[in-house]
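Listed here are the chains, written in short residue letters.
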Amino acid sequence: MTTELLRFTTAGSVDDGKSTLIGRLLYDSKSIFEDQYEAIEATSLRRGEEGVNLALLTDGLKAEREQGITIDVAYRYFATPKRKFIVADCPGHIQYTRNMVTGASTANVALVLIDARQGIVEQTRRHSFIASLLQIPHLVVCINKMDLMDYSEEVYQQIKEEFSGFSNKLNVKDIHFIPISALKGDNVVEASENMPWYKGGTLMYYLENVHIGSDNNFIDTRFPIQQVIRPYSDDYHDYRGYAGRIAGGVLKKGDEVTLLPSGFSSRIAKIDTYDGELEEAYPPMSVTVLLEDDFDLGRGDMIVRQNNQPTISQDIELMICWFNDRPLQVRGKYLLMHTTQEMRCMVGEIRYKLNINTLHRDLEDKHIGMNDIARITIRCTKPLFFDSYRKNRITGSVILVDEHTNETVGAGMII
Amino acid sequence: MTYQLNHLKELESESIFVLREVAAKFENPVLLFSGGKDSILMAHLAMKAFHPARIPFVFLHVDTGHNFPETLTYRDELVEKLGVRLIVASVQEAIDKRLIVEEKGYHASRNLLQTFVLLDALEKGKYDAALGGGRRDEEKARAKERFFSHRDEFGQWDPKNQRPELWNLFNARKQPGEHFRVFPISNWTELDVWQYLAEEKVPLPSLYFSHKRKIFERDGLILADSPYITRKPEEVLEERVIRCRTIGDMTCTGLWESDASTIEDIIREVSTARKTERGGRADDKRSDTAMEDRKKEGYF
């Protein structure tokens, strides 16, 4: 079994064909089961809908089904012999920006749908911007409903050019365009006979083959410690292992390492797992690291390479997406979570608020409410060991938690 | 040199990360163990996550008294092997104490009664996190679950107001009396579970493999003959070769006609199955939103 896992995110509103597209990917990869299909068929019929409403597959909550809208991220799964896919299906409306950000946080690929009849609309810009803000490595733009535009190459080229003009301002490494009809199935799983001018692969071909092997950071070694493993048993009397998931770089047995925050040096004596010792380990593996020397290390500490250390500072500057109806408070105190660290912090300055439709930076408006995105500064009670989000999505991300309500109120990407 | 994990190893690593976060972030976590394949997988992953130390969680079995006998045998052997402490919360006991009232009639099931007993056990044991083997691919309401899912002081789930969950940062903060349900295998599909259990050579209860059993049909489901269920006059017993795709109570677990007698047979069967595993669960069939309704009240 050498199937890779690919996580992708889609976002959209009721009418842009997103549900139809996901439905088709699931249906054509035989991931919709008879009883699921019969259940949504019965529900569609009962509600007097024309045909089977595939959106009911992803809209799992009663309120969503009643109101015909997607409120929350739904996760869907399908597999082909080459890959296994996790789809984070998000609502696309501006009031659900926070859900889009959530779905995008772990994705390898963002799938952006454009209705060929309408071209680029506000929602297209918003999704693409969020994909770029969350540093999703690959963006695939599906120009949908080509059947309604006579499968015109001109229409496709025009939209592609317009999108490229706008995406120059974004920071996405890899953008790919595919003309499709989700409804008719053109270029989704089967190559379209209606668009002989399109020489590229289908969407499924893209999803199965896009190179995700370099999406993790394999250069800058970062090992945040989750907890210390001490068996206290006769067989493992002196065993002291540091359990964690590798956030960056490659750890090798014998490596000279630096321990943060103490700055002490040691050497990796052993990389342990239940299945035996490893010579090396890389992201996103969960392992247990044993060091040659005994130090007082614990949760929240980090093992790094001597000549490649993260930034260590109490002051951080970040882009924040706000999730709560109580607005962000300047000089407000929040709980900050970063890798395996938790500490209090205080908001310093709001540098600017970003209009996510125009990408305009508003220096005057300091009201950061629900779904707003802003650049801010934060001061932490202890030094944080971090990288820029661009360099490492794990050591570069934080969440803010309201100390009184315990709600997760913001997600931050360190600049 | 390529550094790429296969999908099962990546899922394993994700689940181990979550299990370790639970051990670090909560004072008194408990692992909900039903004896089904998902909780067997959870136990196996927990063993790997803390190796060579013991699993730092107590196991809790909500025992309806309507189990397949094979489930209990398997449970006791596993607990012994892992060296963990098992707590059994009994539905029968709660009925005997008249804390809850048994359903009556042909469709009587103790499925709903489990919620009361579970919440009661969590409260008594002062458990602040309950690890469950729920998977998002199982059911549409479960598709909306977080890894760390907050429950209020009544054990209720508020699906419309869930905390956003980003990257691998899990917010485990709560008020006294509240608790969390944590689902480390959220991203596994049924097929992933089987493939992994096969790869890891994990022993499984005999119920999952084809065997002869006295059964009867009801509403298109095949149910096992048992002292816990009353048959209608037209429901006649016959012997068939069947197996379980999920294991729940004898009263609500639909059986599948199958001659899959090895785990490889099961994988072949699951990968070509045209019905979901919960398609055979009478407890889900009570309404279109049966799972969401139960989950809001505090069900698994």
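Anything mentioned here points back to the structure above.
Residues numbered from 1 in each chain as written. Chains lettered and ligands numbered in written order. Predicted model: local features only at pLDDT ≥ 70, side-chain atom pairs only at ≥ 80, totals over all residues.

**Structural notes on the overall build of chain A**
When its secondary structure is counted, chain A shows eight helices and 21 strands. Over its C-alpha trace chain A gives a radius of gyration of 24 Å, about what one expects of a compact globule, namely 22 Å for 415 residues. Projected onto the principal axes, the alpha-carbon positions of chain A cover approximately 70 × 55 × 40 Å. Considering chain A as a whole, with its 415 residues, one finds that 49% of them fall into the buried category. Counting only contacts in chain A whose residues sit at least 6 apart along the sequence, the fraction spanning at least 24 positions is 69%. (Helix = DSSP H or I, 4+ residues; strand = E, 2+ residues; numbered from the N terminus. Rg over C-alpha atoms; globule rule 2.2 N^0.38 Å. Buried ≥ 20, exposed ≤ 12 C-beta atoms within 10 Å, placed from the backbone. Contact = placed C-beta atoms within 7 Å.)

**Here we look at the nonpolar core**
Core analysis: the largest hydrophobic core is formed by 180 residues, its most contacted members being A:Ala110, B:Leu31, B:Ala46 and B:Leu131. When residues of this core are assigned to their parent elements, the largest contribution, nine residues, is made by helix H2 (residues 37-50) of chain B. Dropping the residues within four chain positions of it, B:Leu31 is found in contact with B:Met42, B:Ala46, B:Phe57, B:Phe59, B:Leu60 and B:Leu131. (Core = buried A, V, L, I, M, F, W, Y, C linked by C-beta atoms within 7 Å.)

**Observations regarding the sheet that holds strand S14 (residues 302-305) of chain A**
Here we have six strands rolled up into a closed barrel, ordered S7-S8-S13-S11-S10-S14 (chain A), and antiparallel in their pairing. The sheet shows a mean angle of 45 degrees between the axes of neighbouring strands, taken without regard to direction. Of the strand pairs in this sheet, strand S7 (residues 222-229) of chain A and S14(A) are connected by three bridges, and their pairing is antiparallel. Its bridge partner being in S14(A), A:Pro224 is matched across the sheet by A:Met302. In the packing of helix H1 (residues 7-25) of chain B onto the sheet, the strands contacted are S7, strand S8 (241-245) and strand S13 (286-291) of chain A, and the crossing angle to S7(A) comes to about 55 degrees. (Pairing = 2+ DSSP bridges. Axes fitted to C-alpha atoms, helices over the stretch in contact; angles between N-to-C directions.)

**Remarks on the pairing of strand S15 (residues 311-322) of chain A**
Both S15(A) and strand S19 (residues 373-386) of chain A contribute to a ladder of ten bridges, which runs antiparallel. Bridging across to S19(A), A:Glu317 finds its partner in A:Thr377.

**Focus: the sheet that holds strand S3 (residues 86-90) of chain B**
Residue and element names in this part refer to chain B. On the basis of which strands lie adjacent, the open sheet formed by six strands has the order S3-S2-S1-S4-S6-S5 and mixed pairing. Two strands close off the open sheet at either side, each with one partner strand: S3 and strand S5 (148-151). Shown here is a sheet whose adjacent strand axes are inclined to one another by a mean of 30 degrees, direction ignored. Of the pairings in the sheet, the one linking strand S1 (residues 29-32) to strand S2 (residues 58-63) comprises three bridges and is parallel in character.

**Side note on helix H5 (residues 113-124) of chain B**
Here H5(B) spans 17 Å end to end across twelve residues, near enough to the 16 Å set by a 1.5 Å rise per residue. Looking one or two residues beyond H5(B), the residue adopting positive phi is B:Lys126, at roughly 55 degrees. (Expected span 1.5 Å × (residues − 1).)

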